[in-house]
Amino acid sequence: MKKESLPHITGLFDSPIELHRLLDHLPLAIAVLNADREIVLLNRAIQGLTGFHEEEAKGIPCAYILRSSVCQFKCPLLNTESHSVVQCCEGDIINRDHQKIPVRLTYAPVKTAAGKLKGFVEAVEDIRFVGALERRTSTTYGFGELVGRSPQMERVFHVLPMIAQSDSSVLITGETGTGKDLLAEAVHRASQRAKGPFVKVNCGALPETLMESELFGHQKGAFTGAVENKPGRFQLAHNGSLYLTEIGDLPMPLQVKLLTFLDDRVVYPLGSTRGFQSNVRVIAATHRNLERMVQEGRFRQDLLFRLNVVRLHLPPVRERQDDVRLLLDHFLNRFTAEFKKPIKGFSAKALRILLDYSYPGNVRELKNIAEYALNICQEDYIAPKHLPGYLTDGRIQAASAAGAVSGEELPVSAVTGAGEGIADWSALEQKMILDALLRSGGRRGKAAGLLGWGRSTLWRKMKQYGLEGHATASAATSQ
Amino acid sequence: MPRKVLVTLYGNDVAPRFDLTIEVFIASVSPEGRIEEEKTVVLPQASAEKLCRMIITEDIQTVICGAIEEEYFEYLRWKRIEVLDSVIGSCRKALEKYIRKELVPRAIFWEKPQNVLS
């Protein structure tokens with residue numbers, strides 16, 4: 001190709017620059033297509049990826065050059081929506097060397113200043129390495145950053161891949177510190193929108209007026225101080241996921257606006273009459289009991305129905321006692337590597353304290369305890385003296401156990417009916433065990449299932465509280 | 001002895017992908033270069049495995065296709081089937097070139113008037 005015939009960009013710098021030179025330096029594979037979806041330009045990266053040279057590909061429909069799994073029957077450019085908004089999808093291509101490569105495709109329309117469609121820019125991302133990296137970072141007992149092997153968590157991990165692959169709205173519930181943010185991110189990363197943006201908005205962090213502008217954006221001059229157009233989070237999250245944390249704290253007027261968006265998928269920035277079609281997956285999370293808030297008239301029922309398409313509940317640590325040891329070891333391994341400390345583990349006494357604690361702050365608190373202990377400990381094993389002082393103070397433990405079941409936070413199903421008149425956690429736990437045994441007719445496997453524990457944990461706790469005789473008596477009473 | 005040729009189809013053109021092909025053109029070409037027999041077969045579903053099986057059962061000697069994955073490419077070659085892959089152009093033109101012994105893998109003979117996708 002002669003140098004004179006190469007396209008140039010003018011007006012950007014004081015002298016024209018070659019478009020090819022600009023695009024060739026990008027690590028992203030890019031093709032420019034005309035309105036008939038024929039190849040106009042291929043940058044160096046896409047030539048390397050597909051094996052086709054620009055000279056031989058020019059004028060040929062993109063489907064024969066890119067040869068992706070979406071080209072033949074699901075070409076996004078056949079959709080008239082692609083003429084106005086950016087489209088994203090995942091698929092695979094087969095290059096000239098017979099390699100099948102998983103890719104993420106992004107199609108953006110190219111228009112004249114008058115709005116006439118002239119063609120498309122197609123970006124092709126090789127996601128082979130992303131998949132490999134994800135496989136490497138995932139843990140045996142977990143999903144993404146989440147760790148657990150209790151029956152409750154296994155249920156969550158089991159449905160997660162299916163939920164991630166769907167495009168439905170997700171509502172995550174769970175007490176503070178249970179890992180709602182991590183779960184939302186894990187859903188996004190496992191979804192087809194993984195390479196798109198993951199935008200997080202804390203619905204309780206800003207006053208109502210600011211929140212509206214933050215979420216939906218504003219037009220220049222919409223209000224005093226709006227000196228320029230500002231895209232909202234919905235626009236920023238286009239082709240990705242929008243994570244609305246603390247959705248229970250969203251003011252009522254904004255609940256209506258969110259509801260309208262979930263219906264029409266169109267965002268109207270403040271002061272603008274022109275809507276923006278936003279392709280966003282909404283993931284919402286809250287530690288509040290939304291059903292109760294609906295009854296109290298503080299949360300719109302119709303919004304709850306729309307958000308509650310897929311619901312994921314993260315159980316508190318006290319309902320997944322089987323995971324405490326796993327979580328302690330997980331954070332110990334993580335922090336020993338991070339802090340470069342050759343600590344071998346927990347002493348038996350420290351472990352007893354840690355296993356008996358109720359963790360009202362859930363996994364976040366457990367992680368902080370592990371981090372504190374590792375920082376303090378200068379020996380081979382973490383002893384009780386290395387643990388935060390409040391852990392060995394029985395009164396605070398009892399208060400924390402009682403506090404976790406108060407307020408409008410999610411009810412603690414496992415300890416329903418307990419709490420009043422019970423002085424400490426041990427007594428509460430004994431009562432939980434006896435209740436479970438009564439309900440299961442003395443069958444320990446079933447009782448362990450009801451408590452969300454493994455059989456071995458139940459056996460250990462029964463032995464610790466001397467309940468082995470009681471179990472037989474309970475069974476006899478129930479029969 | 002006539003040679004049996006299979007062309008993966010997408011409309012009137014060689015299909016861009018072997019594994020997504022749902023229609024094939026089969027022709028018997030005599031040593032003199034005459035097409036003695038021809039048929040178009042619509043497959044129940046797109047599947048590279050099933051297409052390979054069909055190629056074997058139909059006694060095909062040459063496959064003309066677009067993109068083909070290494071696994072199937074090597075399998076067909078192992079079965080002593082000639083694979084002319086990464087061909088871009090119309091089925092008719094591909095056959096003409098094949099008969100004239102001009103068709104090679106990676107051949108591109110795209111013609112704008114035939115540019116009708118879906």
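Residues numbered from 1 in each chain as written. Chains lettered and ligands numbered in written order. Predicted model: local features only at pLDDT ≥ 70, side-chain atom pairs only at ≥ 80, totals over all residues. Heavy atoms only, no water.

**Describing the confidence of the model for chain B**
It should be kept in mind that the predicted coordinates are not to be read in detail where pLDDT is low. Heads up, the rule is: Values of pLDDT, which run from 0 to 100, indicate the predictor's confidence residue by residue. Numbering of helices and strands runs from the N terminus, with a helix taken as a DSSP run of H or I at least four residues long and a strand as a DSSP run of E at least two residues long.
Within chain B, residue pLDDT values average 92, and 95% of them lie at 70 or more. Least confident of the elements in chain B is helix α2 (residues 70-78) of chain B, whose mean pLDDT is 93; most confident is strand β5 (residues 62-64) of chain B, at 97.

**Comments concerning helix α9 (residues 208-216) of chain A**
What sets the pattern is the α-helix's 3.6 residues per turn: residues three or four places apart point alike. Selection rule: Here the term buried applies to any residue with accessible area under 20% of the maximum for its type, exposed to any over 50%, and partly exposed to those in between, with areas from a 1.4 Å probe on protein chains only.
Among the residues of α9 of chain A, those classed as buried are Met-211, Ser-213, Glu-214, Leu-215 and Phe-216 of chain A. At the exit of α9 of chain A stands Gly-217 of chain A, carrying a positive phi of roughly 80°.

**Observations regarding the side chain of Thr-336 of chain A**
All names here are of chain A. So the rule is basically this: We define a polar contact as two N or O atoms separated by no more than 3.5 Å, with the added condition that, inside protein, one atom must be a possible hydrogen donor and the other a possible acceptor, whereas residues neighbouring each other in sequence contribute only through side-chain atom pairs. Contacts between residues were defined by any pair of non-hydrogen atoms, one from each residue, lying within 4.5 Å.
For Thr-336, the position within the fold is in helix α14 (residues 322-339). Residue classification places Thr-336 among the buried residues on the basis of a relative accessible area of 13%. In this structure the side chain of Thr-336 is engaged in a polar contact, spanning 2.7 Å, whose partner is the backbone oxygen of Leu-332. Setting aside chain neighbours within four positions, we find Thr-336 in contact with Lys-341, Ile-343 and Leu-374.

**Here's the deal with the interface of chain B and chain A**
Rules: Here the buried area means the combined drop in accessible surface, using a 1.4 Å probe, for two parts upon being joined, counting both sides. One side-chain nitrogen of Lys or Arg within 4 Å of one carboxyl oxygen of Asp or Glu is enough to make a salt bridge. Side-chain classes are defined by residue name, with Ala, Val, Leu, Ile, Met, Phe, Trp, Tyr, Cys and Pro counting as nonpolar, Asp, Glu, Lys and Arg as charged, and the others, Gly among them, as polar.
With 24 residues of chain B in contact, the opposing surface of chain A contributes 24 residues. Between chain B and chain A, roughly 2400 Å² of surface is buried when both sides are summed, and carbon and sulfur atoms account for 56% of that area. Summed over the shared surface of chain B and chain A, the number is four salt bridges. Of the charged contacts, one joins Arg-106 of chain B and Asp-97 of chain A as a salt bridge, the two residues approaching to 3.4 Å between their closest N and O atoms. The interface formed by chain B and chain A holds nine residue pairs in polar contact (both at pLDDT 80 or more) in total. Partitioned by chemical class, the residues of the side of chain B that touches chain A number twelve nonpolar, four polar and eight charged.

**Overview of the nonpolar core**
Worth spelling out the cut-off: As used in this record, nonpolar core signifies buried Ala, Val, Leu, Ile, Met, Phe, Trp, Tyr and Cys residues forming a set joined through side-chain atoms within 4.5 Å.
With 31 residues, the main nonpolar core has Ile-65, Leu-66, Leu-105 and Val-124 of chain A as its most contacted residues. Looking at this core, the elements with two or more residues in it are β3 (29-34), β4 (39-42), α2 (44-50), α4 (62-66), β5 (87-94), β6 (100-111) and β7 (117-126) of chain A. With five residues, the top contributor of residues to this core is α4 of chain A. In contact with Ile-65 of chain A, other than residues within four places in its own chain, are Ile-39, Leu-42, Thr-50, Phe-52, Ala-57 and Ile-60 of chain A together with Ile-88 of chain B. Formed by 29 residues, the second largest nonpolar core is a distinct cluster that contains Val-199, Val-201, Ala-284 and Leu-307 of chain A.

**Some words on the environment of Ser-150 of chain A**
Residues and elements named next belong to chain A. Its location among the elements puts Ser-150 in the loop between β9 (146-147) and α7 (151-165). Residues Ser-150 and Gly-449, spaced 299 residues apart in sequence, show a C-alpha to C-alpha distance of 9.7 Å. If sequence neighbours within four positions are ignored, Ser-150 has contacts with Arg-320, Asp-322, Asp-323 and Gly-452. Polar side-chain contacts of Ser-150 include one of 2.8 Å to the side chain of Asp-323.

**Brief notes about the sheet that holds strand β11 (residues 198-202) of chain A**
Residue and element names in this part refer to chain A. Short version of the rule: At least two DSSP bridges between two strands are needed for those strands to be called paired. Only the stretch in contact is used when fitting a helix axis, every axis being a line fitted to C-alpha atoms; angles between N-to-C directions are given from 0 to 180 degrees.
A sheet is described by the order of its strands in space; here five strands give the open sequence β11-β14-β17-β10-β18, paired in parallel fashion. Across the chains shown, the open sheet's two edge strands, defined by having one partner strand only, are β11 and β18 (310-314). Strand-to-strand twist across the sheet, computed as the mean angle between neighbouring axes with direction ignored, equals 20°. Relative to strand β17 (residues 281-286), strand β10 (residues 170-174) runs parallel, the two being bridged by four bridges. What sits directly across from Leu-171, in β17, is Ala-284. On top of the sheet, α7 reaches β10, β17 and β18; it is set at about 150° to β18, its chief contact.

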